[in-house]
Amino acid sequence: MERQLLQQAKEAFVSGRARPLEFRLQQLHALQRMIMEKETEISTALKQDISRSQYDTPLLELISIENEIKLAIEKLAQWAAPRPVEKNLFTISDEVYIQPEPLGVVLIIGAWNYPWALTLIPLVGAIAAGNAAVVKPSELSKCSSLLLHALLPCYLDKDLYPVVTGGVSETQQLLRLRFDHIFYTGGSTAGKLVMEAAARHLTPVTLELGGKSPCYIDKDCDVRTACRRVTWGKFVNCGQTCIAPDYILCEPCIQGQVVEFIRETLLEFYGADPKCSPDYGRIINQEHFNRIMSLMEGYTPVVGGQSDSSQWYIAPTVLKDVPPHSRLMQEEIFGPLLPIVTVSDMEDAINFINEREKPLALYIFCSDQKAIKRMIEETTSGGVTVNDVMMHYTVSSLPFGGVGQSGMGRYHGKHTFDQLSHQRACLIRSLKMERVNLARYPPQDRRRARRVLFILLELFHVFVTIIMDMSVFY
Amino acid sequence: MDSHSQVLERLRTGFRSGITLPLEFRRTQLTKLLALVKDNEEQIVKALHQDLAKPKFESILSEVEIVTNDLHHAISNVATWIQPEYVPKNLATKLDDCFVRREPLGVVLIIGPWNYPLQLLILPLVGAIAAGNCAVIKPSEVSSATDCLVAELIPKYLSQDCYAVVRGGAEETKALLQNRFDHIFYTGSQAVARSVVQAASVHLTPVTLELGGKCPCFIYGRINIQAAAHRLVWAKYFNAGQSCVAPDYVLCTKATRDALVPALTTVLEEFYGKEPQKSPDLSRIVSARHFTRLMKLLEKTKGKVVIGGQSDEHDKYIAPTVLVDVEEDDVLMGEEIFGPILPILTVEELEKSIELVNRKEKPLALYVFSDESSVVKTTMENTSSGGFCSNDGIVHMTLPGLPFGGVGASGWGSYHGRWGFETFSHRRACMLRGWALERLNGLRYPPYSDDKLKWLRWTTSANSTCSLM
């Protein structure tokens with residue numbers, strides 16, 4: 001079945017209908033309509049999948065998809081236009097440019113934590129770049145996956161953008177087939193398997209993975225505001241965000257304050273009992289619930305810790321004095337547990353971060369510009385937000401992606417378009433000016449070299465004359 | 001001789017020390033690399049001649065000059081390239097600093113091929129150094145004289161804590177690939193590329209693959225056949241056809257073919273004389289293995305040799321050869337030829353030629369010779385390839401402003417000039433916020449409300465403008 005859908009998408013692509021800008025714009029407008037018209041259905045699906053609150057849906061997913069579509073519609077002509085490059089003396093009368101071209105059929109494998117944004121934002125770029133795309137939403141967000149499967153063909157071209165539902169087996173089937181690019185969002189372990197499968201067909205990949213995103217809070221900054229921002233970023237979507245601050249690094253002298261400010265903020269955001277708050281989410285399924293609960297084993301939280309297995313509810317939880325070698329500090333938490341690890345100073349924090357895999361995001365809360373600069377320069381990560389969390393994700397002109405174990409490639413805005421295009425180098429010459437070419441032909445003897453030098457000087461003289469003439473006008 | 005892990009350990013320590021980060025260090029290393037090439041031009045030419053009987057002119061043009069040009073370009077521009085790139089923002093982030101930092105990846109691996117053993121090894125290295133990385137350099141053992149020379153010269157000129165040459169054949173390369181790198185840059189064949197990507201996937205190492213393919217050459221419409229023949233012959237027989245961007249085969253009408261063949265004969269004689277084997281300007285096949293491979297193709301082809309066809313096994317010499325009456329299913333239309341053999345396929349309509357090319361894998365380069373711009377346009381718009389050049393061959397890859405790389409089976413990623421710098425960099429998105437405007441932030445915090453949502457939609461819209469500004 002997957003093979004057939006791919007074949008259909010390929011044939012549709014080869015027919016050329018995805019290529020004209022008008023067609024791409026039409027599809028983008030249709031996608032925009034789908035988001036607007038079906039917001040309620042999407043919200044309902046997300047509520048069923050992950051207990052997403054009514055407001056988190058537009059906030060976390062739909063607004064960013066809408067913005068991406070609007071930007072693509074506005075800028076498409078510019079993005080798709082040939083990009084001229086500098087010429088040299090020998091190509092002065094030629095056209096030299098880079099022409100972005102579609103790749104063909106792209107496979108987009110989405111994730112369950114933001115099932116709409118992480119599937120549709122790559123799709124926006126794929127459509128804008130003139131590709132066909134096979135969309136494979138995550139089976140863990142089952143209702144969203146089924147809804148997308150039902151909706152997309154009602155708005156978009158059925159053959160060019162098929163949706164494939166299913167689990168591991170269907171994904172494996174897809175990965176055996178040959179695509180022109182694979183865009184994968186998910187965990188590093190599966191990311192390796194995707195890349196390995198892509199190797200067979202020499203298919204390029206974009207991998208948006210995860211990791212443990214550290215959050216350093218300097219003792220001399222506005223700790224209260226820092227904690228408000230961290231609390232928001234950590235507990236939104238119940239911690240199930242690839243760029244959530246995974247753990248806090250701070251000096252022991254402010255650890256107590258940090259705990260208290262977080263506690264205060266949690267009260268303000270979710271009330272005394274977050275289980276009753278309509279704005280607090282749930283864990284996606286039993287397996288992840290068990291995984292997260294087991295990370296807490298042996299530790300006593302200072303905030304939260306309550307859970308309810310029947311609802312896959314875990315309270316916003318903070319743990320302090322967490323040892324660096326604990327299980328909590330080995331794998332990406334992806335849940336509402338916030339460990340605090342103490343460090344002696346910023347340098348210690350930098351070493352701590354550099355001893356570990358390159359994270360998808362790094363957060364630095366600090367008021368000292370010099371110290372901030374130092375921390376950025378002495379570490380690396382997919383992205384950085386200073387004095388807030390996650391916000392670098394929201395600026396579409398910033399490339400969003402990982403490095404090392406946190407991923408390869410980047411997207412958002414024009415970056416998605418570029419990632420899913422081939423930048424074809426074009427040199428358009430004429431058959432005139434053949435005399436100039438004599439320089440490079442054999443036989444290579446002294447007579448020829450002298451003649452070439454003469455021609456070069458002649459050309460240079462012409463060039464200088466043109467420049468002099470032009471300068472008369474300025 | 002240090003083991004691979006010892007070499008890597010040394011380079012990792014070098015990278016961790018931060019020594020490759022300052023602009024001065026990068027410029028100094030690039031300047032030293034320039035000196036390496038300039039000081040040793042004679043030995044380089046000699047080694048290339050030993051490996052490929054490469055004529056001095058070709059060595060200077062396609063190995064020494066292209067490398068020194070790219071080095072000059074990098075030295076002049078690296079200061080600009082490493083500057084943070086400030087980007088446009090939306091209203092919610094208007095007061096923030098949003099920029100992209102180019103950061104080095106770490107320790108990269110560069111695997112070079114044998115056909116342009118200096119250029120295709122050093123040009124990626126230029127990008128890697130400019131981007132602040134350390135690098136393990138693995139020259140091809142097939143071009144053994146250059147391999148030896150590179151191994152001798154690199155440690156003499158470049159910092160041994162940051163750059164190391166590792167030598168060996170297929171087995172050693174396989175072992176080297178078991179290690180973890182921060183980027184692998186491979187130039188070579190598709191078959192080996194698959195195993196490179198597989199090895200890279202274990203560590204989630206990003207790769208750049210510069211592969212090959214059969215670069216088609218369309219000749220249609222009105223045409224100045226003499227000029228076309230000059231450029232075609234030059235591009236095809238340069239380095240005895242052993243270029244990843246050499247025009248592999250020609251597609252044209254019968255009439256064009258009948259005009260082209262005599263033109264090719266004339267030009268070949270003009271370039272290489274009546275006895276090309278005696279010309280100092282023609283290279284040889286790199287190895288006995290490749291010589292045999294090419295001779296087998298000539299044996300099995302159903303096409304007719306109209307020019308050349310002579311060979312000398314002892315000299316690894318194959319004459320500049322042209323065949324006609326070659327069909328799409330001919331053995332010469334299977335793998336990349338990579339030799340001085342030019343098949344001409346006769347296809348009357350341009351559209352049918354385009355269909356033929358589109359049935360094959362996307363090539364590294366695609367050429368069109370025509371005086372009619374509509375022919376050029378149609379061919380370009382209906383095909384895909386790494387690069388495209390009309391009315392010439394190969395030269396598009398000498399322009400530092402153009403990215404050089406493939407698509408599909410011809411490769412993944414690109415380099416040259418700034419593109420090499422970008423290939424070996426991580427583009428880190430940075431946002432620096434202040435402490436103020438916490439009330440604006442409040443829009444996103446729970447408890448949620450309809451009003452908050454409305455404001456948030458407005459402030460984060462990509463084209464939101466602010467009346468306060």
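Residues numbered from 1 in each chain as written. Chains lettered and ligands numbered in written order. Predicted model: local features only at pLDDT ≥ 70, side-chain atom pairs only at ≥ 80, totals over all residues. Heavy atoms only, no water.

**Q** When you look at the sheet that holds strand 15 (residues 407-408) of chain A in this model, what are you seeing that I'm missing?
**A** Pairing between the strands of a sheet comes from backbone hydrogen bonds, and it takes one of two forms, parallel or antiparallel. All names here are of chain A. Spatial strand order, 4-3-5-6-15: five strands in an open sheet with mixed pairing. Each edge of the open sheet is held by one strand with a lone partner, namely strand 4 (132-136) and strand 15. In the sheet, strand 3 (residues 105-109) pairs with strand 5 (residues 181-185) via four bridges, with the strands oriented parallel. From the neighbouring strand, isoleucine 109 faces strand 5, where its bridge partner is tyrosine 184. (Pairing = 2+ DSSP bridges. Helix = DSSP H or I, 4+ residues; strand = E, 2+ residues; numbered from the N terminus.)

**Q** When you look at the side chain of A:Thr171 in this model, what are you seeing that I'm missing?
**A** Relative to the assigned elements, A:Thr171 resides in helix 7 (residues 168-176). Ignoring sequence-local partners within four residues, the contact set of A:Thr171 consists of A:Ile109 and A:Lys136. (Contact = heavy atoms within 4.5 Å.)

**Q** Honestly, the UniProt feature "active site" (unreviewed entry) in chain B in this entry has me stumped. Any pointers?
**A** All names here are of chain B. The feature "active site" (unreviewed entry), as given by UniProt, occupies Glu210 and Cys244 in the numbering adopted here. Over a stretch of 35 residues, the named residues converge on one spot in the fold, their C-alpha atoms separated by at most 9.0 Å. Mapping glutamate 210 onto the fold places it in strand 7 (residues 207-210). Among the residues examined, glutamate 210 registers a relative accessible area of 3% and is labelled buried. Excluding its chain neighbours within four sequence positions, the residues that come into contact with glutamate 210 are Phe185, Tyr186, Thr187, Gly188, Phe404, Gly405, Ser410, Gly413, Ser414 and Tyr415. Among the secondary structure elements, cysteine 244 is positioned in the loop between helix 9 (225-237) and strand 9 (247-252). Of the residues examined, cysteine 244 reaches a relative accessible area of 13% and is grouped as buried. With residues up to four places along the chain from it excluded, the contact list for cysteine 244 reads Asn115, Leu211, Cys215, Glu336, Phe338, Leu364 and Phe404. (UniProt positions renumbered as here; feature names shortened; annotations may be inferred. Buried < 20%, exposed > 50% of the residue type's maximum accessible area, 1.4 Å probe, protein only.)

**Q** How should I be thinking about the UniProt feature "domain: Aldehyde dehydrogenase" (unreviewed entry) in chain B in this particular structure?
**A** As recorded in UniProt, the feature "domain: Aldehyde dehydrogenase" (unreviewed entry) lies at residues 19-427 of chain B. Secondary structure within residues 19-427 of chain B divides into 42% helix and 18% strand; the distance between the first and last C-alpha atoms comes to 20 Å.

**Q** Help me understand a negative patch on the surface in this model?
**A** Together, B:Glu348, B:Glu349, B:Glu351 and B:Glu355 make up a region of like negative charge exposed at the surface. Of note, B:Glu349 is situated in the loop between strand 14 (341-346) and helix 12 (350-359). (Patch = residues over 30% accessible without salt bridge, like charges linked within 9 Å, V, L, I, M, F, W, Y side chains within 5 Å. Areas by Shrake-Rupley, 256 points an atom, 1.4 Å probe, with all protein chains shown as cover. Salt bridge = Lys/Arg side-chain N within 4 Å of Asp/Glu carboxyl O. Lys, Arg positive; Asp, Glu negative; His and termini not counted. Charge placed at Lys NZ, Arg CZ, Asp CG, Glu CD.)

**Q** I keep staring at the interface of chain A and chain B and nothing clicks. Help me out?
**A** By a widespread convention, an interface's size corresponds to the accessible area lost as its parts come together. Between chain A and chain B, the contact holds 100 residues from the first and 99 residues from the second. Buried area between chain A and chain B, both sides added, is near 8400 Å², and the carbon and sulfur share of it is 58%. Taken as a group, A:Leu202, A:Leu431 and A:Arg440 account for 10% of the area that chain A buries against chain B, more than any other trio of residues on that side. At the junction of chain A and chain B, the tally comes to seven salt bridges. Across the salt bridge formed by B:Asp182 and A:Lys358, the nearest N and O atoms sit 3.8 Å from each other. Applying the counting rule to chain A against chain B returns 40 residue pairs in polar contact (both at pLDDT 80 or more). Among the elements that take part in the side of chain A that touches chain B, helix 4 (residues 56-80) of chain A stands out by supplying eight residues, more than any other. By the bridge criterion, four bridges tie strand 14 (residues 383-386) of chain A to strand 18 (residues 425-432) of chain B in an arrangement that is parallel. Residue pairing for strand 18 of chain B: A:Thr385 is matched across the bridge by B:Met431. (Buried area = accessible area lost by both parts, 1.4 Å probe. Polar contact = N/O pair within 3.5 Å; in protein donor to acceptor, adjacent residues only side chain to side chain.)

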